[in-house]
Each structure stands twice: as structure tokens, then as C-alpha cells.
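Residue-level listing of the chains:
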Amino acid sequence: MTFRKRSTRAFALALLVVATSAVQPVTAGAAPPQERLETRSAPLLRSGGLQFKDLNRNGALDRYEDWRRKPFERAAHLVSLMTLREKAATMVHGTAPTPWGPVAVSPSYDLAATRRIISDLGVTSLLTRLSGPADVLARQNNALQEIAEGGRLGIPLTISTDPRNHFQYVPGSSVPAGSFSQWPEPLGFAATRDEGLARRFADTARQEYRSVGITMALSPQADLATEPRWSRINGTFGEDPAVVERMTREYVRGFQRGKDVDRHSVQAVVKHWGGYGAAQDGFDSHNPYGKYATFSGNATFEKHLDAFRGAFKAEVAGVMPTYSVVRGVSVGGRPLEQVAAGYNRQLLTDLLRGEYGFEGVVLSDWGITEDCVDTCLNGAPAGQQPSFTGFGAPWGVEELSRDERFVKGVQAGIDQFGGTEDSTAIVRAVEQGRLSVARVDASVKRILNQRFQQGLFEDPYVDPAAAARTVGAAGFQAAATAAQQRATVLLANAARTGGGKGELLPLAGGTKVYLHGVGAEAAHRAGLTVVATPEEADVAIARTATPFETLHPQYVFGRMQHEGNLAFAPGQADFDAIAALSAKVPTVVSVYMDRPAVLTRLLPEADALLVNFGITDEALMGVVRGTAEPRGKLPFELPSSMAAVEQQLPDVPADSAAPLFRIGAGLRY
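Attention in this report is confined to the structure presented alongside it.

A look at the pattern of salt bridges
Here the structure, examined in full by the defined rule, presents 41 salt bridges. A salt bridge links D441 to K87, with the nearest nitrogen and oxygen atoms 2.9 Å apart. Of this pair, D441 sits in helix α14 (residues 437–453) while K87 sits in helix α2 (residues 84–90), placing them 354 residues apart in sequence. Neither residue differs from the other here; D441 and K87 are each classed as buried. The salt bridge involving D262 is made with R257; its shortest N-O contact spans 2.6 Å.

Looking at the sheet that holds strand β17 (residues 529–530)
Either a parallel or an antiparallel arrangement is found when strands of a sheet pair, and the pairing is made through backbone hydrogen bonds. On the basis of which strands lie adjacent, the open sheet formed by six strands has the order β15-β20-β19-β18-β16-β17 and mixed pairing. Each edge of the open sheet carries a strand with a single partner, namely β15 (489–493) and β17. Where strand β16 (residues 512–516) meets strand β18 (residues 539–545), four bridges bridge the pair, whose relative direction is parallel. Bridged to L515 within β18 is I541. The sheet strands contacting helix α19 (residues 573–582) are β16, β18 and β19 (587–592), and the helix crosses β18 at an angle near 165 degrees. Together, β18, β19 and β20 (608–612) form the strand contacts of helix α20 (residues 617–625), whose direction differs from that of β18 by roughly 135 degrees.

Focus on the nonpolar core
With 120 residues, the main nonpolar core has L78, F255, W273, F312, V316 and L448 as its most contacted residues. Counting residues per element, this core draws most heavily on helix α6 (residues 195–212), at seven residues. F575, L609, V611 and L638 belong to the second-largest nonpolar core, a separate cluster that totals 28 residues.

Some thoughts on helix α16 (residues 474–487)
For α16, which comprises 14 residues, the first-to-last C-alpha distance of 20 Å matches the rise-based estimate of 20 Å (1.5 Å per residue) to within 8%. In this structure, the buried side of α16 is in contact with α5 (186–192), α6, α15 (464–470), β15, β20 and α20.

Examining unusual backbone geometry
A cis amide bond, omega -20 degrees, links W273 with the succeeding residue G274. With respect to the helices and strands, the residue G274 is situated in the loop between β7 (267–273) and β8 (292–294). Across the junction of L505 and P506, the peptide omega takes the value 0 degrees, indicating a cis bond. Turning to its location among the elements, P506 is positioned in the loop between β15 and β16. One non-glycine residue, R193, lies in positive phi territory at about 60 degrees. Of note, R193 is situated in the loop between α5 and α6. Phi at R257 takes a positive value of approximately 60 degrees, unusual for a residue other than glycine. Within the secondary structure, R257 is located in the loop between α7 (241–256) and β7. The partly exposed category is assigned to R257, whose relative accessible area is 39%.

Considerations on α19
All of the buried residues along α19 are F575, I578, L581 and S582. Summarising the axial view, the buried residues of α19 lie within an arc of 130 degrees, below the 170-degree limit, and thus occupy one face. Here the buried face of α19 lies against β16, β18 and β19.

Focus: the environment of G626
Among the structural elements, G626 can be located in the loop between α20 and α21 (642–647). Put simply, G626 and L505 are 121 residues apart on the chain and 7.5 Å apart in space, counted from C-alpha to C-alpha.

Remarks on the state of the cysteines
For the structure shown, the criterion picks out one disulfide. Here C372 pairs with C376 through a disulfide, and the sulfurs are 2.0 Å apart. Residues C372 and C376 are joined through a disulfide that is left-handed, its torsion about the S-S bond being -100 degrees. For C372, a relative accessible area of 14% puts it in the buried group. On the basis of relative accessibility, which here comes to 10%, the residue C376 falls in the buried class.

Cut-offs used in this document
- Residues numbered from 1 in each chain as written.
- Predicted model: local features only at pLDDT ≥ 70, side-chain atom pairs only at ≥ 80, totals over all residues.
- Heavy atoms only, no water.
- Salt bridge = Lys/Arg side-chain N within 4 Å of Asp/Glu carboxyl O.
- Helix = DSSP H or I, 4+ residues; strand = E, 2+ residues; numbered from the N terminus.
- Buried < 20%, exposed > 50% of the residue type's maximum accessible area, 1.4 Å probe, protein only.
- Pairing = 2+ DSSP bridges.
- Contact = heavy atoms within 4.5 Å.
- Axes fitted to C-alpha atoms, helices over the stretch in contact; angles between N-to-C directions.
- Core = buried A, V, L, I, M, F, W, Y, C linked by side-chain atoms within 4.5 Å.
- Expected span 1.5 Å × (residues − 1).
- Arc of directions from axis to C-beta.
- Disulfide = S-S within 2.5 Å.

What follows is the structure, encoded as C-alpha cells:
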């Protein structure tokens with residue numbers, strides 16, 4: 001079965017004309033309704049009693065400036081006006097520079113450097129890593145759009161972001177929540193099994209993104225979390241293919257506001273096509289030592305691809321291929337070429353475009369065209385801090401030149417290359433006859449069509465005051481907090497009574513508690529009495545997280561990512577502290593799981609055991625007190641030992657021997 005994009009619809013919203021220059025209101029009864037306009041430098045034209053932006057400043061109403069026309073018609077006309085250099089620059093998706101570096105979170109852009117990227121290089125798609133007050137972000141993004149409007153054709157920017165409404169922060173993969181509403185990780189939505197909740201989250205994030213000028217979400221992850229050690233599991237919806245498909249579908253619908261991208265939508269980019277979750281030994285393919293995804297055959301590979309069907313049903317705007325080189329798979333009877341997915345025509349053209357019928361934009365992951373230099377390939381020398389300098393992920397095409405990588409990527413099916421602002425390789429390829437103008441035009445039309453659908457050519461600007469009211473609004477955060485609590489999984493709950501029966505949770509008001517890893521203020525506000533020693537307590541409450549190792553500290557991502565061991569054991573500071581508490585007093589343990597923990601040694605030390613996927617102390621205390629009930633079900637199985645983890649197959653869901661808890665486990669009060 002395939003899924004085809006529906007035809008776009010013309011915008012037909014009656015909106016007030018807004019402009020920074022003086023604009024006369026449209027007379028009542030004018031047809032069609034006047035589209036909302038805002039301009040900082042482009043003149044306004046009047047035609048047929050309506051107003052339009054003269055983006056190229058030629059004094060005439062061009063088809064791409066006429067908001068009454070269909071988006072794809074406008075895109076096709078704009079492409080006909082563009083130079084080869086402008087088209088090539090549309091096919092790269094850079095990162096907006098900040099004073100603090102390319103991946104550091106910052107409150108502001110380096111506007112001089114960004115102006116060079118937009119004005120001199122012609123780049124019109126930029127990833128933002130800003131975090132801070134919403135009104136500041138809105139002003140900063142408006143400043144970028146103002147630069148873009150001043151260009152020859154006045155093409156507005158697409159401003160994208162990695163996920164930023166959750167708990168775990170890894171530079172280069174996510175952004176701290178900051179002022180945005182803070183929800184559980186995607187694993188938490190999978191734990192609720194509530195598709196409507198996933199959609200409500202995405203709709204909330206959509207409103208927050210658009211209010212600050214962000215128009216593209218580099219999410220969701222439809223990757224199946226079949227290798228328990230993999231460091232990217234926290235961003236997935238778990239390992240049940242059916243759950244992943246449904247959650248991904250509703251996530252996309254929430255961000256895009258239904259099927260058709262429109263002026264209120266945020267483009268969603270589903271990732272990472274296809275097979276990223278079958279990471280060999282759990283090592284991530286941002287790193288050269290983790291570049292392989294290994295499959296036991298085509299049957300399981302198809303399960304990993306089919307998890308994306310939900311996104312395709314929702315007509316997702318974009319797809320991002322994985323860094324990984326996929327092994328053990330054939331397509332059409334031919335072994336899969338041993339190159340990363342961004343260079344693999346079998347994956348992008350034969351399967352994604354052909355069998356799965358995707359018609360949107362294929363955007364590569366960051367840095368696939370760049371060389372992985374010595375410190376990237378072998379790690380930083382001893383005593384030297386690893387950095388993003390020299391990072392690249394050209395897996396399987398290391399021997400090709402940079403120009404050859406661009407050609408191979410486009411021929412495979414890439415429309416836009418992430419993580420670079422240099423498009424000269426595309427220009428040279430066309431001039432030398434290695435890429436056709438028609439192939440380039442096809443990608444540029446896809447990219448610009450979605451920008452026309454979003455209404456950015458009419459109004460790319462946002463209201464900083466409205467952004468401050470929208471981002472992190474009390475109602476949004478209340479819903480986010482409730483989702484944190486609802487996603488919590490209760491795995492054990494037994495009071496220490498003579499008969500061995502009864503439940504420890506929920507705790508009564510006034511219960512004397514000793515805290516480990518929990519703020520005293522949150523416990524006080526929940527009506528609990530905090531004491532200074534375990535001996536004084538009725539109950540101890542402890543927070544901890546899934547164990548991990550830093551096995552590759554000399555690599556920039558290896559230094560940040562959680563790898564290796566998942567098992568609680570003596571000798572770990574948190575485990576020893578919890579065991580000591582459990583010997584003295586009934587103990588409640590809450591484990592944050594960004595990967596499936598091995599709880600075999602911890603379980604006997606916990607009278608009540610909770611699993612969370614991102615929860616504040618205040619929200620956790622609500623669960624402990626029973627003002628909110630844990631209703632989650634595990635989105636993955638919990639293995640019984642590391643030996644079982646090492647023996648399971650990386651591509652098969654829920655296949656470890658004798659798991660301690662099966663997928664879907666979860667108790668209720």
C-alpha cells in the first residue's frame with residue numbers, strides 16, 4: 001500500500017492587513033478576502049482592490065507574489081526566476097550561528113555571521129539552537145526574516161529546531177526546554193498509549209514554535225527501539241511497531257494541524273529512515289565506531305520501515321534518512337548498497353518514493369557531506385577535549401570527494417543537505433553536466449511549495465508579546481505536568497506489613513519522608529513532612545536514572561551519549577544509597593528511563609518502584625501522594641541481565657531471554 005500527498009488548497013482566511021509601512025484597509029465585501037501581510041522592506045502593490053508584497057521590487061505583481069494562486073504554481077514560477085546559485089542555496093539547510101559556537105545553546109544569534117549566510121550565500125533554511133525568553137527568540141527570528149526579505153527575490157526563511165519540550169538535553173540532538181512547556185520524552189507518550197495525548201502535545205508545541213517564528217520540527221523519531229543499549233531511545237516511541245506507527249501519525253497531525261500544511265502549520269520531519277534503531281552493539285551512528293545498523297533479514301527490516309507508515313498517513317512534510325549503513329538487507333533481490341541512507345538510492349528512491357509513495361522533502365541529517373577528519377575518526381588525543389570541529393558522517397562514501405558526495409546524494413533522492421551552508425558543489429555539478437537542471441528544480445519546488453503553504457511569503461514575522469503569552473502558558477504547562485504523571489509506570493507497590501500485603505503508595509498527608517535526589521520544597525508542598533535522617537522517616541523517596549557508561553570519551557558524541565551498561569549494581573552511588581535506605585525504612589524509588597534499565601538488583605530494594613520518562617519533583621510528589629495516578633505501560637521490555645541484552649538481536653523487538661518485565665507492564669493504585 002502507498003500513500004500519496006493530497007493536492008494543496010488555496011488560503012481562504014479573512015485576515016486584517018498588517019504592515020510596518022502605512023497600509024489602507026481593504027474595503028468591506030472585497031473578494032477574495034485579503035491575505036494578512038507584513039513587510040519590513042518589500043514595497044506593497046495594489047491590484048484589483050487587494051494588496052500584495054512586491055518581493056522582487058520590480059513594481060509588477062509576479063505569479064509567485066500573488067497569494068491567490070496555488071502554492072505549487074507559485075513555487076514553479078519562483079523557481080523559473082531563480083539563478084542556479086539561488087536554487088543550489090535552497091538545497092542546503094544550515095545552522096544559524098551564535099556567539100557561543102555551532103551547537104551551543106545561546107540566547108541570541110551572531111547577526112553579522114548570519115547575514116553573510118543569508119545575503120552572501122543565499123541560504124534560506126536555518127536550524128536554530130536559541131533558548132531563552134520567548135519574546136527574545138521572536139525578535140531574533142524576526143531579525144533573520146528581515147535580512148531574508150531584503151534579498152533579490154525576498155524568499156523567507158524556514159527556521160527549524162531539534163526537539164525542545166522535553167527533559168534530556170544532548171548538544172547537537174536536542175535543545176533545553178527553557179521557557180517552553182516541558183512534557184515527558186516521546187517514550188512517555190508511548191507509555192500512555194494515548195494517541196490523542198501525543199497529538200495534543202504536538203499541537204501545543206506547534207503553537208509555541210510558530211509564536212517565536214520556528215516553522216519546521218526536526219521530529220518525530222519513528223525509529224524502533226529494538227537495541228536496548230542504543231543512546232537515542234529516549235527520543236523514540238519505544239519498540240512496539242503498532243504503537244510507534246500510531247503515535248507518529250498523531251504527532252505529525254498535531255504539528256501540521258491536520259493533513260494539509262497551512263499558514264498555522266509547523267512542518268514535521270520524521271526520522272531516521274530507515275533502520276536506525278538496529279544499532280550494532282547499541283553504538284550510535286553519529287560516531288564512526290557506530291555507523292552500522294544490523295538486521296537479521298528483510299522481515300524485521302520491513303517492520304522498522306512500516307513504523308513510518310503513520311507519518312505517511314498524516315502526509316508528513318519531510319523525511320530525514322539515518323546516518324547508518326544498513327547491513328543484512330536486500331531490496332528487489334539486490335543487497336543493499338553499503339552506504340549511509342542519505343546516499344542510498346534503494347532506500348530513498350526505490351522504497352521511500354516508490355513503495356511508500358512519499359512526495360515531500362527528503363532532508364539529510366547534519367554533516368553527511370563533510371569529511372570525518374582525524375579527531376572525528378579516531379577521537380581526540382589523550383588529554384584533549386573532543387569538539388565538533390572536523391565532524392562529518394560520510395559513512396560508506398569516505399573515499400568520495402565532497403563534490404561527488406553531493407552528486408551521489410541528489411541522485412539517491414536527497415532534496416536538501418543538512419548542516420552545511422556551502423552549495424557550490426551543486427552549482428559545479430550542474431555546470432559540469434553531472435546533475436540536470438530539471439533534477440535540481442524538482443527539489444527546489446518541493447522545498448518552496450511548503451513555504452508557500454505556510455504563508456511565509458506574506459507574513460514571516462511574529463509578535464514578541466504574543467510569543468511571551470503563548471510559550472510556556474499556564475494551561476500548556478498544566479497539561480504537560482499531567483502528561484508527566486500519567487506516563488509514569490508503577491512496577492511494584494507493596495507495604496511492609498506482617499502479612500506481606502497492602503500497598504505503600506499513595507502516601508498519606510503528613511507522612512514523614514527522607515529524600516534522596518528529590519527537592520524538599522516539592523515534598524513540603526505535597527503535604528509531606530521532610531525529616532533529616534532515615535531513622536526519623538516513615539518512608540524514604542529516592543530518584544535515580546538508568547545506569548550508563550561513557551565508553552568513548554574521546555569522541556564528541558561518545559562523550560555525551562549514554563552507552564553500554566544498563567544494570568543497577570553495588571558500587572554505583574545511587575544503588576548503594578538506595579540499598580542503605582531500604583535496609584532502614586520502606587523505600588519508594590523513581591527511575592528515569594532514557595533506555596531500558598536492568599532492574600534485577602534494584603527491584604528487591606524498592607518497596608514501590610516507579611518508572612518515569614521525564615518528570616519534575618512536583619509532578620512526582622503528586623503521583624506519590626495520589627493526587628495523580630500512574631497509568632503508564634512500559635513502551636519496551638526490561639531485560640533481566642546484561643547477558644540477555646548482549647545475546648538478543650539488535651533488530652527484533654522485545655526478544656531478550658526471560659525479561660524481568662515485559663513490554664506493556666504496569667500496575668495501578
